[in-house]
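# A look at the structure
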Amino acid sequence: MIYYTLTGRETALPLVDNDIRPPQRGDDPHVGAVVSCLVPSRGDLPGYIAIPELAVRSSLSGEFRRARSPLRGGHGGFLGPRFDPLCVDGPPGLAAAVPALTRPDGVSNERFAARQELLSVLDRPRHSAGSFPWLQRQALTLTGAGGLGRSALFALDSEPDSLREKYGRHRFGQACLLARRLTEAGVPFVAIHFNEMTVCDGWDTHSGNFAALRSELLPYLDQGLSALMDDLTDRGRFDETLIACFGEFGRTPKINANAGRDHWGECSTTFLAGGGICPGSVHGESDQLAAYPKSGRVDPVDVRATMFHCLGIDPAQRIHDQQNR
């Protein structure tokens, strides 16, 4: 279900619960990678940024494994590395949260500029093909010397304290604020993966479901999303920005012995706002137990088609891999 939800495509491999296999270049691309491919970013900014990378968590301590263990469906797949996400794996709001933008110790602005000059000399006789030249320019732009680099875009220091408080000083709230900054700067797609550590394993509420929802999960979600919508409205950007909030499945209608709810793929909820979505509309209805769809059933692929339509992309448009297939 994770792969299908992220890509809108069913995997050819056998479906298994908790599919945490690493991504492959032959995978279908994440929806953000498709948007990045079809909607140009501004300047040399990435087209798809993930906060944080979609990865397997190593423990309940909040530490995440980085590039060694990302999940299938979270990357550019057959579109190639140019459309992989730039990942904000540290605390949102700090430029250092993006390891790829952190220069090694001892590399001053002057030394960085000298390296760029040397690189340009070495590259002149070589004909570079594929994604590499573009990725190289993007890397130089994002890590550039002094105020020329775009790494400051990932810092929230310039945002008013009152606004940061409104979003919430938790990871999800600050990620929502960072996403607003990134899209405003010209990044077409930002994915926020809710990984706030709570009394439960995030939203995976196999135990302690009610305590987690009441004390942390629902307040965090409500505060961050509400502040994002208000902020976009105040800036006149709500109608041009699509917000989509969902998971890969719902939770069992029956409460288990640990006061929790387990995985349930038959029925779940998706929230869409802005971007041309009609406010206040409710589509579909479940049965009285919220176990099965009663009317207006949609699948992840339908949600993807709606997102593409709102972003001005024809859902039936063909895309090609690196071999032009």
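Everything below is about the structure printed above this text.
An account of the accompanying structure is given in this report. (Residues numbered from 1 in each chain as written. Predicted model: local features only at pLDDT ≥ 70, side-chain atom pairs only at ≥ 80, totals over all residues. Heavy atoms only, no water.)

You can see Arg164 is positioned in helix H5 (residues 161-167). Buried and unpaired, Arg164 has no salt bridge, with Asp157 as the nearest side chain of opposite charge at 5.0 Å. At 2.8 Å, the side chain of Arg164 forms a polar contact with the side chain of Gln174. When residues no more than four places from it in sequence are discounted, the contact partners of Arg164 are Leu156, Asp157, Glu159, Arg169, Gln174 and Leu177. (Helix = DSSP H or I, 4+ residues; strand = E, 2+ residues; numbered from the N terminus. Buried < 20%, exposed > 50% of the residue type's maximum accessible area, 1.4 Å probe, protein only. Lys, Arg positive; Asp, Glu negative; His and termini not counted. Salt bridge = Lys/Arg side-chain N within 4 Å of Asp/Glu carboxyl O. Polar contact = N/O pair within 3.5 Å; in protein donor to acceptor, adjacent residues only side chain to side chain. Contact = heavy atoms within 4.5 Å.)

Turning to the environment of Met307, a few remarks are in order. Examined against the element boundaries, Met307 turns out to sit in helix H8 (residues 300-310). As for Met307 and Ile277, which are separated by 30 residues in sequence, their C-alpha atoms are 9.7 Å apart. Residue contacts for Met307: discarding those within four places in its chain leaves Val31, Phe189, Leu242, Ala244 and Phe246.

If you walk through the whole model with that rule in mind, you get four aromatic pairs. Between Phe172 and Phe194, the ring centres sit 4.9 Å apart and the planes meet at 40°, which makes this aromatic pair tilted. Of this pair, Phe172 sits in helix H6 (residues 171-185) while Phe194 sits in the loop between strand S3 (189-192) and helix H7 (209-234); the two residues are 22 residues apart in sequence, bridging distant segments of the chain. Assessed through its relative accessible area of 8%, Phe172 is described here as buried. Relative to Trp203, the ring of Phe194 lies with its centre 5.4 Å away and its plane at 70°, an arrangement referred to as edge-to-face. Through a chain of ring-to-ring contacts, three or more aromatic side chains come together here, namely Phe172, Phe194 and Trp203. (Phe/Tyr/Trp six-rings, centres within 6.5 Å; stacked < 30°, edge-to-face > 60°.)

Next up on the list: the side chain of Asp321. By the element assignment, Asp321 lies in the segment after H8. Take Asp321: its relative accessible area is 11%, and that puts it in the buried class. There is a polar contact of 2.9 Å between the side chain of Asp321 and the backbone nitrogen of Gln323.

Moving on, we come to the nonpolar core. Judged by nonpolar contacts, the single largest core of 35 residues is most densely connected at Ile49, Ile51, Val88, Phe154, Tyr167, Leu182 and Ile243. Listed by contribution, the elements that provide at least two residues to this core are strand S1 (48-51), H5, H6 and H7. With nine residues, the top contributor of residues to this core is H7. (Core = buried A, V, L, I, M, F, W, Y, C linked by side-chain atoms within 4.5 Å.)

The next thing to look at is the pairing of S1. Residue alternation in S1 divides its side chains into two sets, Tyr48 and Ala50 and Ile49 and Ile51, and both sets are buried. In the sheet, S1 pairs with strand S2 (residues 86-87) via two bridges, with the strands oriented parallel. Each residue of the ladder has a partner; that of Ile49, found in S2, is Leu86. (Pairing = 2+ DSSP bridges.)

For the rest of this paragraph, the subject is the sheet that holds S3. Neighbouring strands of a sheet are bound in pairs by backbone hydrogen bonds; such pairs are parallel or else antiparallel. Pairing in this open sheet of three strands is parallel, and the strands run S2-S1-S3 from one edge to the other. The open sheet terminates on both sides in strands that have one partner only, identified here as S2 and S3. In the sheet, S1 pairs with S3 via four bridges, with the strands oriented parallel. The residue bridging Ile49 from the neighbouring strand is Val190, located in S3. In this fold H6 packs onto S1 and S3, with an angle of close to 175° to the strand it touches most, S3. (Axes fitted to C-alpha atoms, helices over the stretch in contact; angles between N-to-C directions.)

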